[in-house]
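Given next are the chains, with one letter for each unit.
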Amino acid sequence: MDRNIWKSRRRRGRSRHQSPALGQCDSSERYATGASQSSQDSGHHDAESPSTSSSRTGESSVPELPGFYFDPEKNRYFRLLPGHNNCNPLTKEGIQQKEMESRRLQLLQQEDMQKKKITRVGFNASSILRKNQLGFLNFSSYCRLSHELRVSCMERKKVEIQSSDPSALASDRFNFIMADTTSDRLFTVNDVKIGGSKYGIINLQGLKAPTFEVQMHENLYFTNRKVNSVCWASLNHLDSHILLCLMGLAETPGCATLLPASLFVSNHQAGTDQPGMLCSFRIPGAWSCAWSLNVQANNCFSTGLSRRVLLTNVVTGHRQSYRINSDVLAQQFAVKTPLLFNGCRSGEIFAIDLRSPSQAKGWKATQIFHDSAVTSVQVFKEEQHLMASDMSGKIKLWDLRATKCVRQYEGHVNEYAYLPLHMHEEEGILVAVGQDCYTRIWSLHDARLLRTIPSPCPTSKANIPSVAFSPRLGGSRGAPGLLMAVQQDLYCFAYSSSCPDSQEEGRWELPSVSNEDIL
């Protein structure tokens with residue numbers, strides 16, 4: 001009797017699990033959730049292909065079974081076996097990597113086939129020119145929309161790097177690049193194959209179509225310690241030095257080093273560029289650094305430490321320390337006002353009044369808060385607004401007078417990495433590279449995602465590109481566009497000549513957009 005009851009219950013359990021009605025219910029719920037998420041993301045990911053969004057919707061309609069994964073190509077489930085000795089061919093990370101690589105290849109193919117990426121409805125050169133001629137657009141709006149159109153028309157070209165050691169170029173990987181103020185040079189940090197990092201400067205004056213050739217100036221300076229932060233320093237003249245923050249290793253303490261940029265220039269004539277000051281300051285574990293261009297903190301740089309901000313004068317050696325309750329991961333000096341803005345691991349962003357001593361109580365001038373660790377802070381030229389990003393992928397525009405968020409830029413991907421922002425007020429765009437290796441460009445004016453650029457190399461945590469954008473790559477008469485360094489290669493996304501007001505390629509003379517037009 002008990003055996004018959006047990007068999008009947010088992011049959012009912014099987015029929016319940018195999019019921020098509022229940023399966024349709026679960027799949028419809030998942031489909032509704034996936035559809036709502038895709039509809040929210042579709043407004044921000046304009047550059048993604050329709051094929052990828054449709055494949056995501058198809059996958060979301062399939063029930064998820066524990067211990068199995070669904071292959072949309074073969075239309076069946078496969079068991080995820082427990083891995084032993086790392087021999088399991090199927091893992092969640094491997095499946096996600098395969099999907100990301102497939103999506104990247106699709107976007108790259110679309111980039112090559114489609115010259116222009118549509119960012120707005122009816123957004124083309126003829127409509128902008130016509131509206132400007134009819135008086136529907138003021139001059140500043142016309143300049144801003146023209147820059148947006150040119151960003152959507154940028155074409156990828158590989159840059160040929162000339163160097164005295166071609167074998168090193170083939171083996172050393174770009175860690176990150178950083179352009180100087182005039183965009184004449186790129187300071188590079190490369191990971192050496194034998195271990196450690198070495199530094200170099202790339203001269204961008206030869207970056208012109210159709211050749212796109214640059215010269216790499218290397219030096220024997222390299223380190224086996226991690227480079228935490230880098231910035232250009234103006235000691236003798238504008239961008240005369242490079243400030244590096246190195247982590248401590250074993251018994252060697254951390255330090256902040258000033259390297260003269262003239263050390264990287266080969267065959268310079270005697271007397272034309274005298275070597276600058278080469279010095280090092282012992283600093284324990286600096287997370288970030290910034291150089292001051294404010295006259296009230298002349299020849300000074302700041303380093304963000306664990307629970308402390310250290311302000312150092314290079315000439316006199318005088319130091320001033322400010323105690324805080326978190327690690328400082330991002331810093332930037334204001335130029336008009338004597339303020340130093342800091343972003344912390346706790347999510348706090350605060351400004352230090354450089355006129356106040358560290359023992360005073362009122363040295364914190366401004367305080368705003370993110371929900372995650374702040375990785376980048378950028379102050380606008382008028383110093384009334386601040387752009388900040390954090391480790392949860394949030395990018396926010398803050399009004400410093402009202403201490404509130406006035407705009408948010410959606411689409412950035414970050415979970416734990418230290419990723420910088422690149423803000424350009426003249427062109428009215430914002431550039432950031434996500435942890436998914438995609439470079440995204442937004443409009444500063446209305447936070448619209450203008451373009452999503454896939455990486456030319458396979459996506460991985462070790463292949464996150466480093467970028468630099470400028471309207472004058474290589475100097476005042478240089479070509480506008482985006483530079484991207486990934487693995488051993490350097491790419492230039494140059495403005496296309498099929499845009500309004502196009503003159504000779506590589507020479508754009510558009511007036512800058514004012515801060516009021518952006519905000």
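What you see is a predicted model, and the numbers here were worked out from it, not measured in a lab. Position numbers for residues count from 1 along each chain, tracking the sequence in the order it is written. Note on the predicted model: pLDDT of at least 70 is required for a residue's local features to be given, and 80 or more for side-chain atom pairs to be given and counted; whole-chain, interface and lining totals, by contrast, use all residues. Where side-chain values are given, they derive from all heavy atoms of the structure, hydrogens and water being excluded.

Trainee: Where do I start with the overall build of the protein in this structure?
Mentor: Assigned secondary structure in the protein consists of eight helices and 29 strands. Counting over 519 residues, the protein shows a buried share of 50%. Whether two residues are in contact is decided by their heavy atoms: any pair within 4.5 Å suffices. Long-range pairs, those at least 24 residues apart, make up 49% of the contacts in the protein with a sequence separation of at least 6. Carbon and sulfur atoms provide 50% of the accessible area of the protein, an area that totals close to 26300 Å². Secondary structure elements follow DSSP: runs of H or I no shorter than four residues count as helices, runs of E no shorter than two count as strands, and numbering proceeds from the N terminus. We call a residue buried when its accessible area falls under 20% of the maximum for its residue type, exposed when it is over 50%, and partly exposed in between, using a 1.4 Å probe and counting protein chains only. Accessible surface is estimated by sampling points in the Shrake-Rupley manner with a 1.4 Å probe; for residues, cover comes only from the protein chains shown.

Trainee: Would you mind showing me how to read the pattern of salt bridges here?
Mentor: Pairs can form between side chains of opposite charge once their charged atoms are near each other. One side-chain nitrogen of Lys or Arg within 4 Å of one carboxyl oxygen of Asp or Glu is enough to make a salt bridge. The full count for this structure, using the stated rule, is 12 salt bridges. Ionic pairing is found between E426 and K381, a salt bridge with its closest N-O pair at 3.8 Å. Of this pair, E426 sits in the loop between β23 (421-424) and β24 (429-433) while K381 sits in the loop between β19 (374-379) and β20 (385-390), and the two are 45 residues apart along the sequence. Salt bridges sharing partners connect three or more residues here, namely K381, E426 and R472.

Trainee: Mind showing me how you'd approach the confidence of the model for the protein here?
Mentor: Reading predicted coordinates in detail is not appropriate for stretches of low pLDDT. Put simply, the protein has an average pLDDT of 78, and 76% of its residues get 70 or more. As a per-residue measure, pLDDT tells how confident the predictor is, with possible values from 0 to 100. Residue range residues 12-59 is modelled with pLDDT below 50. Its contacts to residues more than four positions away, or to other chains, number 34 contacts. Of the regions scoring below 50 in pLDDT, residues 268-274 engages in four contacts with residues more than four places distant in sequence or in other chains.

Trainee: Would you explain the sheet that holds strand β28 (residues 479-486) in this entry?
Mentor: For two strands to pair, DSSP has to find at least two bridges joining them. Strand order in this open sheet of four strands is β3-β29-β28-β27, and the pairing throughout is antiparallel. In this open sheet, the two edge strands, each paired with only one partner strand, are β3 (155-158) and β27 (466-473). Averaged over all pairs of adjacent strands, the angle between their axes in this sheet comes to 25°, without regard to strand direction. Summarising the sheet, β27 and β28 pair through six bridges and their orientation is antiparallel. Within the sheet, the bridge partner assigned to F469 lies in β28 and is L482. What counts as an axis is a line fitted to C-alpha atoms, over the stretch in contact for a helix, and the angles between N-to-C directions run from 0 to 180 degrees.

Trainee: What am I meant to see in the environment of S392 here?
Mentor: Within the element layout of this structure, S392 appears in the loop between β20 and β21 (395-399). What makes S392 partly exposed here is its relative accessible area of 36%. Leaving out residues up to four positions away in the same chain, S392 has contacts with S372 and N414. Identification of polar contacts relies on pairs of N or O atoms within 3.5 Å, with a donor-acceptor requirement for protein atoms, meaning one able to donate a hydrogen and the other able to accept it, and with residues adjacent in sequence counted only if both atoms are side-chain atoms. Side-chain polar atoms of S392 contact the side chain of D390, separated by 2.7 Å.

Trainee: Any chance you could explain the side chain of R451 here in plain terms?
Mentor: Along the chain, R451 turns up in strand β26 (residues 449-453). A polar side-chain atom of R451 sits 2.9 Å from the main-chain carbonyl oxygen of M154.

Trainee: Would you mind showing me how to read the environment of G206 here?
Mentor: Within the secondary structure layout, G206 lies in the loop between β7 (197-203) and β8 (213-223). Residues G206 and L473 lie 267 residues apart in sequence; the distance between their C-alpha atoms is 9.5 Å.

Trainee: What am I meant to see in the sheet that holds strand β9 (residues 227-233) here?
Mentor: Strand-to-strand pairing in sheets goes through backbone hydrogen bonds, with the strands running parallel or antiparallel. Across the sheet, which stays open at both edges, the four strands sit in the order β9-β10-β11-β12 with antiparallel pairing between neighbours. What marks the edges here is a single partner per strand, and that holds for β9 and β12 (279-282). Strand-to-strand twist of the sheet, defined as the mean angle between neighbouring strand axes without regard to direction, takes the value 15°. Pairing geometry for strand β11 (residues 255-260) and β12, over four bridges, is antiparallel. Note on β12: the bridge partner recorded for A256 is F281.

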